[in-house]
Amino acid sequence: MDNKEYLKEERNEPWREELRKSMKNKDRVAIPRVKMPELDATYRSRSYDEVNLGLSLEQAVQEAKRCLDCPDPSCMSGCPVGVNIPKFVKNIERNEILEAAKALKETSALPAVCGRVCPQEKQCESQCIHLKMKSESVAIGHLERFAADYEREKGSISVPQLAASNGIKIAVAGSGPAGLSFAGDMAKYGYDVTVFEALHEIGGVLKYGIPEFRLPNSIVDVEINILQKMGVKFITNCIVGKTISYEDLHEQGFKGIFVATGAGLPNFMNIPGENLSGVLSSNEYLTRINLMGANREDTETPVFFGKKVAIIGGGNTAMDSVRTARRLGADKAMIVYRRSEEEMPARLEEVKHAKEEGIIFLTLHNPIEYIGDEKGRIKQMVLQKMELGEPDASGRRRPVEIPGAIETLDVDLVIVAIGVSPNPLIPSTFSGLNVSKWGTIIVNQDSLQTDLSDVYAGGDIVRGGATVILAMGDGRKAAAAMHKK
Ligand SMILES: Cc1cc2nc3c(=O)[nH]c(=O)nc-3n(C[C@H](O)[C@H](O)[C@H](O)COP(=O)(O)OP(=O)(O)OC[C@H]3O[C@@H](n4cnc5c(N)ncnc54)[C@H](O)[C@@H]3O)c2cc1C
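Everything numeric here is computed off the predicted structure, so don't read it as measured data. (Residues numbered from 1 in each chain as written. Predicted model: local features only at pLDDT ≥ 70, side-chain atom pairs only at ≥ 80, totals over all residues. Heavy atoms only, no water.)

J.: Account for the sheet that holds strand 1 (residues 169–173), with residues named and values stated.
T.: Here five strands make up an open sheet; going across it, the order is 3-2-1-4-15 and the pairing parallel. With partners counted over all chains shown, the strands left at the sheet margins are strand 3 (233–235) and strand 15 (455–457), one partner each. With direction set aside, neighbouring strand axes in the sheet form an average angle of 20°. Here five bridges tie strand 1 to strand 2 (residues 192–196), and the two strands are oriented parallel to one another. Across the sheet, Val-172 pairs through a bridge with Val-195, a residue of strand 2. (Pairing = 2+ DSSP bridges. Helix = DSSP H or I, 4+ residues; strand = E, 2+ residues; numbered from the N terminus. Axes fitted to C-alpha atoms, helices over the stretch in contact; angles between N-to-C directions.)

Here you go:
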């Protein structure tokens, strides 16, 4: 049976038919979209508590009623891993929340994470039938988070069933979403999986990048614990390509390797003054705070808590950095972005939350120089004002300099968040890998196999900086292909 037929058969199950008949579509569409309860903006701008509080059962059931259970659910085409959205949403409507959580797990390894950080407005929700009727889309992301949290809070998360052990050793380099989802699927197939992680913490960007107020570490730890219960071994503080080589892995009997080392190398603009003290990358800033407690008074590795902080960039990393700076006491926490707000790659929710928390948006501004004091510490930045021109290759309108429109601002901390590149270590030490001019590993698109027949790769190391759900999807795809081989 192909997937379409399977979906049709499930939709025709008596409980789904009954549910559809229980309410007219026009009444479903008339229900207003639920609002995610959240912490007060003044309180949270000084706190690390999670901003979004999650839906109540009543709110979730009411929101689930808005879904029309379409015969050809367009929302699913917007999901990179093809989550069976109507199935999990309709299970919420009939109050079978654990069934909803199970439906999510059929295709998504980390639903509590994705429900919090996926850009749903650009994916599943952007394809919702409601939009064609000039109504707001079903809050699929909020419902996903609800079902996953409910399962966890009820203590009902079960360890998936595993195939009998086949004793074949598989190595994973990197413990971000790509590595974790690959490890989970390979363990289910019966392999003996070891994940090697360069840092002292497991979780990749989910831990070192995305702050607690958006994604608590405890949520990620639950998923990691399940993998451990499934027999996946984790070795931290181990850099593949340095601490342990490709040849060492072979000698230790590993028959397959999945490279999921992400894109953690920060980009800089190469403008004068970027080497001044007080100018740092968002990666360093967030990692020091999220993994090394640099925000604590008693830390041995502090970061400077600026009062006038500028973050350069307009993506999720920039939003996470600027909201962190605000929480660390910045009076002026500013986003400096060379295009307009419309072109910002950050999730809409993050931009909204940032504004509510008092973040200043200097759009259509681009730094051209940083000026230091006599001790080599940043004190000012020079900004070039921009306007929008014709669309560029990305389809977004190109920022163009306005001649002579220059401004100088006082700052005491600058965080550069203008994108990342893959770490070159594995591409340069696994001889025989095919690497693009951007440093990403080139793979067969169907299997994610590299030019080395026992090495597969996925996530940001293949795509450049992308998203959690795409990384997870790659992990699953590579696992299926390696198992089939
Ligand atoms: C601050 C920030 C916020 C983000 N917000 C969002 C968001 O809201 N929504 C969203 O969908 N996406 C978001 N992203 C992007 C998303 O997190 C990434 O696309 C995703 O994490 C990529 O997953 P990955 O598994 O490929 O790599 P990563 O998550 O980067 O994990 C790679 C892991 O490999 C380890 N590693 C590297 N080299 C080696 C080596 N040689 N040996 C062993 N281990 C190694 C690294 O230490 C790391 O732990 C954000 C990214 C950042 C930086």
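Now, onward.
J.: Tell me about the pairing of strand 7 (residues 308–312), residues and numbers included.
T.: Of all five residues that make up strand 7, four are buried, and the element is covered over most of its length. Both strand 7 and strand 8 (residues 332–337) contribute to a ladder of five bridges, which runs parallel. Bridging across to strand 8, Lys-308 finds its partner in Lys-332. The parallel pair strand 7 and strand 8 is bridged by helix 17 (residues 316–327), and the resulting crossover is right-handed. Note that strand 7 and strand 13 (residues 413–416) share four bridges and pair parallel. For Ile-311, the partnering residue across the bridge sits in strand 13 and is Ile-415. (Buried < 20%, exposed > 50% of the residue type's maximum accessible area, 1.4 Å probe, protein only. Right-handed = clockwise from strand over helix to strand, strands pointing away.)

J.: Requested: an account of the nonpolar core, with residues and values cited.
T.: Ranked by internal contacts, the top residues of the largest apolar core, which has 91 residues, are Ile-85, Phe-88, Ile-92, Leu-143, Phe-182, Val-259 and Phe-430. When residues of this core are sorted by domain, at least three fall in each of domain 1 (3–153) and domain 2 (169–264 + 422–484). Excluding anything up to four places from it in sequence, Phe-88 contacts Val-83, Ala-100, Ala-103, Leu-104, Ile-140, Leu-143 and Glu-144. (Core = buried A, V, L, I, M, F, W, Y, C linked by side-chain atoms within 4.5 Å. Domains from an automatic or database assignment. Contact = heavy atoms within 4.5 Å.)

J.: Quick one: what's the story with the pattern of salt bridges, residue by residue and with numbers?
T.: One pass over the full model with this rule turns up 41 salt bridges. Of the charged contacts, one joins Arg-16 and Asp-69 as a salt bridge, the two residues approaching to 2.9 Å between their closest N and O atoms. Of this pair, Arg-16 sits in helix 2 (residues 14–21) while Asp-69 sits in the loop between helix 5 (57–65) and helix 6 (74–77), and the two are 53 residues apart along the sequence. Accessibility classification places Arg-16 together with Asp-69 in one group, the buried group. (Salt bridge = Lys/Arg side-chain N within 4 Å of Asp/Glu carboxyl O.)

J.: Requested: an account of the sheet that holds strand 7, with residues and values cited.
T.: Spatially, the five strands line up as an open sheet ordered 6-13-7-8-9, and their pairing is parallel. Strands with a single pairing partner mark the edges of an open sheet, and in this sheet they are strand 6 (279–281) and strand 9 (360–363). Averaged over all adjacent pairs, the angle separating strand axes in this sheet is 20°, with direction ignored. Along the sheet, helix 17 contacts strand 7, strand 8, strand 9 and strand 13; its crossing angle with strand 8, the most-contacted strand, is approximately 165°.

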